[in-house]
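Coordinates in review
The lines below spell out each chain.
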Amino acid sequence: MMYAQMVKSTGNAVKSPTEMTEQERAFQARIDAGEKIEPKEWMPDGYRKTLIRQIGQHAHSEIVGQLPEGNWITRAPTLERKAILLAKVQDEAGHGLYLYCAAETLGVSRDELLTALHEGRMKYSSIFNYPTLTWADIGAVGWLVDGAAIMNQVPLQRCSYGPYSRAMVRICKEESFHQRQGYDIMMKMANGSDAQRAMAQDALNRFWYPSLMMFGPSDAESVHSAQSMAWKIKIDTNDGLRQKFVDQTVPQAEYLGLTIPDENVKYNEETGHYDYSDPDWSEFFDVLRGNGPCNKERLGARVKAWENGAWVRDGLMANAAKRSAKVAAE
Ligand SMILES: [Fe+2]
Ligand SMILES: [Fe+2]
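A brief look at the structure comes next. (Residues numbered from 1 in each chain as written. Chains lettered and ligands numbered in written order. Predicted model: local features only at pLDDT ≥ 70, side-chain atom pairs only at ≥ 80, totals over all residues. Heavy atoms only, no water.)

**Focus on the overall build of the chain**
For the record, the criterion: To qualify as a helix, a DSSP run of H or I must reach at least 4 residues; to qualify as a strand, a run of E must reach at least 2; elements of each kind are numbered from the N terminus. C-alpha atoms define the radius of gyration in this analysis, and the globule rule sets the expected value at 2.2 Å times the number of residues to the power 0.38. The contact criterion used is simple: two residues touch if any of their non-hydrogen atoms lie within 4.5 Å. Each accessible area is a Shrake-Rupley result for a 1.4 Å probe, and residues are judged covered by the shown protein chains and nothing else. Positive: Lys, Arg. Negative: Asp, Glu. His and the chain ends are not part of the count. By convention, charge coordinates are those of NZ in Lys, CZ in Arg, CG in Asp, or CD in Glu.
Along the chain, the regular secondary structure elements total 13 helices and 2 strands. Against the 2.2 N^0.38 benchmark of 20 Å for 330 residues, the chain shows a C-alpha radius of gyration of 21 Å, consistent with a compact globule. In terms of overall dimensions, the chain has a C-alpha envelope of 70 × 55 × 35 Å along the principal axes. A separation threshold of at least 6 residues defines the contact pool for the chain, and within that pool the share at least 24 residues apart is 79%. Counting every atom, the chain has about 15,900 Å² of accessible surface; 56% of that belongs to carbon and sulfur. The centroid of the 38 positive side-chain charges in the chain is displaced by 7 Å from the centroid of its 43 negative side-chain charges.

What follows is the structure, encoded as structure tokens:
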């Protein structure tokens, strides 16, 4: 699923009430009643582990997601666009920080999460392994990538884990600004010169299928999804969200006068939805395995930032140790 694609759950099928312990039954009953689970409360081990993976992956996506757009801050076409893009990229850093905090309430440290990312044991969304080649790509990223993020994150406001659901409320407000700023760039480009319109179309061509991949492969047979849905840490199916995204985006592309790069995109009177072609899932799995166009560059940039920041962390720790020694001596 989206910023957290293919998060492994417990690996077991969903337990029926008779297979559950009394504690598990009481926990499930609270979830079914729409109650929020808070950090210090009892939770099954699998619930905790799945949430750590999901929130951690989501946090990493926010942080790594700054890189493709950061690439254009120095080259934004006007001062206004530069200020808007700076604010947007800064928002993403904030999203990452809320989410690391939410993960920490489950008993994992930020250092552990970051080490797992840097060692390739945790992932971030596949979308950020694609390059941003032109200014129109910044429009396409805001319109499509942040647009897909909203599709996924709005329902997560109802997620059963309190800290995660509350983080989503603020994040969603900011995401809708991101989506609109992207669409605004696309509007300018699509209504500009021939060269600008061609650039906008090219950005849509390259970002369309990677955006559809953000929702993850069809989860019809996934035991992971079923358990996560029973726990309400996943609210909608991947296919359901993808369809919603297509239904929202096709008319927006029409309004821009741009063409979705899929001959099969057509409104289906019977279903009331747009038909569309699936992305090439072999490409998706290949990108997840580390073979996307920018995987090495993205992870390399994060590892370098972590190493370059070591002296700051060391200094803060030394200062904290000095202070607590002083307090102890008083
Ligand atoms: Fe974000
Ligand atoms: Fe965003």
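**What about unusual backbone geometry?**
A positive phi angle, close to 55 degrees, is found at K232, a residue other than glycine. Looking at the secondary structure, you find K232 in the loop between α9 (223–230) and α10 (238–256).

**Things to note about the coordination of the iron ion (ligand 1)**
We apply this condition: The rule for donors is simple: N, O or S, within 2.8 Å of the metal, or within 3.2 Å if the metal is Na, K or Ca. Water isn't counted, so a site may look like it is missing partners.
Bound to the iron ion (ligand 1) are the protein donor atoms E62 (OE), E92 (OE), H95 (ND1) and E175 (OE), situated 2.0 to 2.2 Å from the metal. Within one chain, the residues serving as donors to the iron ion (ligand 1) are arranged as E-x29-E-x2-H-x79-E. Between the iron ion (ligand 1) and the iron ion (ligand 2), both coordinated by E92, there is a metal-metal distance of 3.3 Å. With E92 in helix α4 (residues 79–104) and E175 in helix α7 (residues 162–190), this residue pair connects regions lying 83 residues apart in the sequence.

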